[in-house]
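Geometric and topological summary
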There are 2 protein chains.
Amino acid sequence: MRNLILVVTRRTLLSITVLAGFGAGALAQQPATDPLPSWNDGAAKKSITDFVARVTRQDGPDFVKPADRIAVFDNDGTLWAEQPIYFQGTFLADRVRAMAALNAGLVSRQPFKAIVKNDREAITKMGEHDIAELLAATHAGMTTDAFAQTAKQWIDSAKHPRFNRLYKQLAYRPQLELLDYLRGNDFKTFIVSGGGVEFIRAFSQDVYGIPPQQVVGSSGQTQFELRGNNAVLVKLPKLGSIDDKEGKPVNINLHIGQRPVLAFGNSDGDLPMLQYTAGAPGLRLMLIVHHDDAEREWAYDRQSKIGKLDRALDEAKTRGWTVVSMKNDWRTVFPGVEEGRAVDAPK
Amino acid sequence: MRNLILVVTRRTLLSITVLAGFGAGALAQQPATDPLPSWNDGAAKKSITDFVARVTRQDGPDFVKPADRIAVFDNDGTLWAEQPIYFQGTFLADRVRAMAALNAGLVSRQPFKAIVKNDREAITKMGEHDIAELLAATHAGMTTDAFAQTAKQWIDSAKHPRFNRLYKQLAYRPQLELLDYLRGNDFKTFIVSGGGVEFIRAFSQDVYGIPPQQVVGSSGQTQFELRGNNAVLVKLPKLGSIDDKEGKPVNINLHIGQRPVLAFGNSDGDLPMLQYTAGAPGLRLMLIVHHDDAEREWAYDRQSKIGKLDRALDEAKTRGWTVVSMKNDWRTVFPGVEEGRAVDAPK
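Residue indices follow the written sequence of each chain, beginning from 1 at its first position. Ligands are numbered from 1 and chains lettered from A, in the order in which they are written. Confidence filtering applies because this is a predicted model: local features only for residues at pLDDT of at least 70, side-chain atom pairs given and counted only at 80 or more, and all residues used for totals across whole chains, interfaces and linings.

**A closer look at the overall build of chain A**
To keep it simple, the criterion reads: Helix and strand assignments follow DSSP, with helices taken as H or I runs no shorter than four residues and strands as E runs no shorter than two, numbered in order from the N terminus. In this scheme every C-beta is placed from the backbone, and a residue whose C-beta has 20 or more other C-beta atoms within 10 Å is buried, one with 12 or fewer is exposed, and one in between is partly exposed. Placing C-beta atoms from the backbone, we regard two residues as in contact once those atoms come within 7 Å.
Within chain A one finds 15 helices and 7 strands. Residue burial in chain A is summarised as follows: out of 347 residues, 47% are buried. Long-range pairs, those at least 24 residues apart, make up 70% of the contacts in chain A between residues at least 6 apart in sequence.

See the structure below:
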């Protein structure tokens, strides 16, 4: 019920103003009640609206009760962009540079050196696993409270070089609409990402309307410490869990405890999560973003180092999963700069 | 908002009928709107209602916005009884006996032998750590789906020897009221238990109105497997996380990602969780159930093997946390047999 109530924020008002001025022509093509105005009509959009209609029809054969309406989304490349390197990699590089300014000796060795020297070849090769390891090394000794503050400061100020806008404003507008639409139909929306869980939590509520406890991600280990009466958790230089590939269904079970009925990914790292969602009785919806839009975003799939989409693309075709073409299925890719947040996110 | 709507279930109607017939005298002592009728008036109850009033007063100095109203509850000894052994220990023993019936050789060795022979001395010594290890050994090779079904069957049929009622009907009535009351005030309620997360999820929604993703507990590791197109998770004989003592705040950070504003425990295993909750700015409420009622339940604290309450009791007194006397603060301990579930739990 709560999600049906639209919170009219300053940004919502701004969005309405912007749309009224510049977007009226496009909006006029859609029925007034279209919940997904940034999605072009077509098979992908129809697969979503049909699915939602069927699982919410109380007397229908595919009805899913609200408590079981679990939807999981990958983050990098699915909810926001991930090129030319995972945004968290840039966050990490910025952190290393800040450390270098304070202590030159600390960054005389690899992999810190590569980052400080902006060795793009080495940086581009970093997988999510490397990032998680580097994060652990870089942030060991910090409290989780201090880390959260650092991540929040970065996300509120760092800009993407190509688009010259905040990274958090590179969340995909069609996906923000989809998250709102699902919550409006009593779905619980979760992020299940290879990225660091504490990094994503720094902006998930603000950008996606997803609260911290609905974010599952990679993690480092922490240690409980009492400093007088002040209890803190200190980050250790030890990996906890890598939430990628087979780690995604494993962590869905550990954190969510239910099989999703909808899963949305964009790479082979999401394949086990899609298979896990598909592998249960009842109606299920599996979706993949296909990055085929070099003009508005990027075009990459089978050969990409970041966001490689190969086996999952084949399996999607074989099993009839929905492949979303960014070029054809999305009318708009990014929101206006003032709109880059979930409509129903609390202020 | 959603939680303010009472779902009138068959059981709610039964409860109303029962109360109307037998409890009218007691209820007449309370204002019609008392959200905690099973709590006697006194300092403990007042600490709860004062806290809720203060954090929900929108223009008050202690206001906490709904998104930050995180309440965590230990399970064994806090939400339901835990004597003479943790109920999950009995579940485990029943599983071992079922295995023995199928394969006598398998249970010729310890610790299985002790359980099959009902060696109460050995069983009573099992801590939550032992139970988690035994669970892993007993259930390795099962899928998580099969385990969930087994646990559900047990919880729907197994009875406690002293009370001759289902274990799940030994949830504390005052705590069921408290969970409802908190949710009615836009709190999110979580279980943070040393017990096995998948075991508790088999009944948390039905009994407490707490969905699977709001249960944090001890866990074994699982492995993703594809059986044709059927993706499953198989339980491995390896421990994942022990969610007890310092493990509780560590897992609160990993799973919930926010500091709670209310924590309720009953033993020294809950002390770090209480300290973590206390160790943040703003109004916080820390509570401890003190089992001092041998007549209606049990009386135990500093010397008990199960639910030992010693250091936490001292710290509660020093720091002004709320110690709830079962004998004095709870008008009723257990619900009527037909009432043993959360009022707002879906059917």
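Additional details are given in the paragraphs that follow.
**Brief notes about the interface of chain A and chain B**
Often, the extent of an interface is quoted as the loss of accessible area upon association of its parts. So the rule is basically this: Polarity classes work like this: nonpolar for Ala, Val, Leu, Ile, Met, Phe, Trp, Tyr, Cys and Pro, charged for Asp, Glu, Lys and Arg, and polar for all others, with Gly in that last group.
Of the residues lining the interface, 35 residues belong to chain A; the matching set on chain B comes to 36 residues. Counting residues per element, the side of chain A that touches chain B draws most heavily on helix α12 (residues 247–256) of chain A, at 6 residues. Across the side of chain A that touches chain B, the residue classes break down as 18 nonpolar, 13 polar and 4 charged.

**Re the sheet that holds strand β5 (residues 262–265) of chain A**
Residue and element names in this part refer to chain A. Selection rule: Only when DSSP finds a minimum of two bridges between them are two strands counted as paired. Lines are fitted to the C-alpha atoms to define the axes, a helix being fitted only along its stretch in contact, and any angle between axes, read from their N-to-C directions, falls within 0 to 180 degrees.
With respect to topology, 7 strands assemble into an open sheet ordered β4-β3-β2-β1-β5-β6-β7, the strand pairing being mixed. The open sheet has two edge strands, β4 (230–241) and β7 (322–325), and neither has a second partner. Each strand of the sheet is rotated relative to its neighbour by a mean of 35 degrees, with strand direction disregarded. In terms of strand pairing, strand β6 (residues 285–290) meets β7 through 4 bridges, oriented parallel. Counted as the bridge partner of Val 289 is Val 324 from β7. With respect to the sheet, α12 is in contact with β1 (70–73), β2 (188–196), β3 (215–227) and β4, its orientation differing from that of β2 by roughly 130 degrees.

**As for the sheet that holds strand β6 (residues 285–290) of chain B**
Sheet strands associate in pairs through backbone hydrogen bonding, adopting either a parallel or an antiparallel arrangement. All names here are of chain B. Here we have 7 strands laid out as an open sheet, ordered β4-β3-β2-β1-β5-β6-β7, and mixed in their pairing. The open sheet has two edge strands, β4 (230–241) and β7 (322–325), and neither has a second partner. When the angles between neighbouring strand axes are averaged without regard to direction, this sheet yields 35 degrees.

**Some thoughts on the environment of Leu92(A)**
Residues and elements named next belong to chain A. By the secondary structure assignment, Leu 92 is in helix α4 (residues 87–102). Residue Leu 92 is classed as buried on the basis of its C-beta count, with 28 C-beta atoms lying within 10 Å. Distance in space between the C-alpha atoms of Leu 92 and Gly 196 is 11 Å, their sequence separation being 104 residues.

**What to know about the pairing of strand β3 (residues 215–227) of chain B**
Residue and element names in this part refer to chain B. Strand direction decides the pairing type here: strand β2 (residues 188–196) and β3, joined by 3 bridges, are parallel. Following the sheet pairing, Val 192 is matched in β3 by Val 216. Bridge analysis of β3 against β4 gives 8 bridges, and the strand direction is antiparallel. Paired with Leu 226 across the bridge in β4 is Ala 231. Here β3 hands over to β4 after 2 residues, with Gly 228 in that stretch at a positive phi of 65 degrees.

**Structural notes on the packing of helix α13 (residues 271–278) of chain B against helix α14 (residues 311–319) of chain B**
Residue and element names in this part refer to chain B. Filter applied, for reference: In these notes the angle categories are as follows: under 35 degrees is roughly parallel, over 145 is roughly antiparallel, 65 to 115 is roughly perpendicular, and the rest is oblique.
It is the contact of α13 with α14, at a shortest axis distance of 10 Å, that shows an interaxial angle of 25 degrees. On the basis of their axis angle, the class for α13 and α14 is roughly parallel. Residues Leu 271, Leu 274 and Ala 278 of α13 lie in contact with α14, whose contacting residues are Arg 311, Ala 312, Glu 315 and Arg 319. Across the contact of α13 with α14, the residue classes break down as 4 nonpolar, no polar and 3 charged.

**Digging into the domain arrangement of chain A**
All names here are of chain A. As a reminder of what qualifies: As annotated, the domain borders come from an automatic or database domain assignment.
Per the domain assignment, the segments making up chain A are domain 1 (2–82 + 167–339) and domain 2 (87–155). Each partner contributes residues to the interface: domain 1 has 23 residues there, and domain 2 has 24 residues. Along the lines of polarity and charge, the residues of the side of domain 1 that touches domain 2 split into 11 nonpolar, 6 polar and 6 charged.

**Re the relation of the copies chain A and chain B**
We count it as follows: Only residues with pLDDT of at least 70 in both copies count here: their C-alpha atoms drive the least-squares fit that superposes the copies.
Mapping chain A onto chain B calls for a screw motion: a turn of 180 degrees about the axis and a shift of 0.0 Å along it, with 0.0 Å RMSD after fitting. A rotation of that kind, with that shift, is consistent with a two-fold axis. Here 100% of the interface residues in chain A have copies in chain B that are interface residues too; the copies meet face to matching face.

**Looking at the environment of Ala104(B)**
All names here are of chain B. Residue placement: Ala 104 occurs in the loop between α4 (87–102) and α5 (112–116). Overall, the presence of 10 C-beta atoms within 10 Å leaves Ala 104 in the exposed class. Along the backbone, Ala 104 and Ile 123 are 19 residues apart, and their C-alpha atoms lie at a distance of 20 Å.

**Digging into the confidence of the model for chain A**
Reading predicted coordinates in detail is not appropriate for stretches of low pLDDT. Residues and elements named next belong to chain A. Selection criterion: Known as pLDDT, the predictor's per-residue confidence is scaled from 0 to 100.
The predicted model of chain A averages 86 in pLDDT, with 83% of residues at 70 or higher. With pLDDT under 50 throughout, residues 1–30 is counted as low confidence; its partners more than four residues away or in other chains account for 30 contacts. Across residues 342–347, where pLDDT falls below 50, the model places 22 contacts with residues more than four positions away in sequence or in other chains.

**Some thoughts on unusual backbone geometry**
All names here are of chain A. In this chain, Gln 83 is followed by Pro 84 through a cis amide linkage whose omega measures 0 degrees. Note that Pro 84 resides in the loop between β1 and α4. One non-glycine residue, Asp 186, lies in the positive phi region at around 65 degrees. Here Asp 186 is to be found in the loop between α9 (173–184) and β2. Classification of Asp 186 as partly exposed rests on a count of 18 C-beta atoms within 10 Å.

**Focus on helix α3 (residues 43–56) of chain B**
Side chains that are three or four residues apart share a direction in an α-helix, a result of its 3.6 residues per turn. Residue and element names in this part refer to chain B. Operational definition: Multiplying 1.5 Å by the helix residue count minus one yields the expected span of that helix. This arc is built from the directions going out from the helix axis to the C-beta atoms.
A rise of 1.5 Å per residue sets the reference length of α3, with its 14 residues, at 20 Å; its end C-alpha atoms lie 20 Å apart and thus fit the reference within 8%. Buried within α3 we find Ala 44, Lys 45, Ile 48, Val 52 and Val 55. Along the axis of α3, the buried residues cluster in a sector spanning 120 degrees; they form a single face. Seen from the open side of α3, the exposed residues pointing more than 90 degrees away from its buried face are Ala 43, Lys 46 and Ala 53. Of the surrounding elements, those touching the buried residues of α3 are α9 (173–184), β7 and α15 (326–329).

**Quick notes on the environment of Ala122(A)**
All names here are of chain A. Residue position: Ala 122 is located in helix α6 (residues 120–125). Counting along the chain gives 51 residues from Ala 122 to Ala 71, while the straight-line C-alpha distance between them is 35 Å. Not counting the four nearest positions on each side in its chain, Ala 122 is found in contact with Pro 111 and Ala 114.

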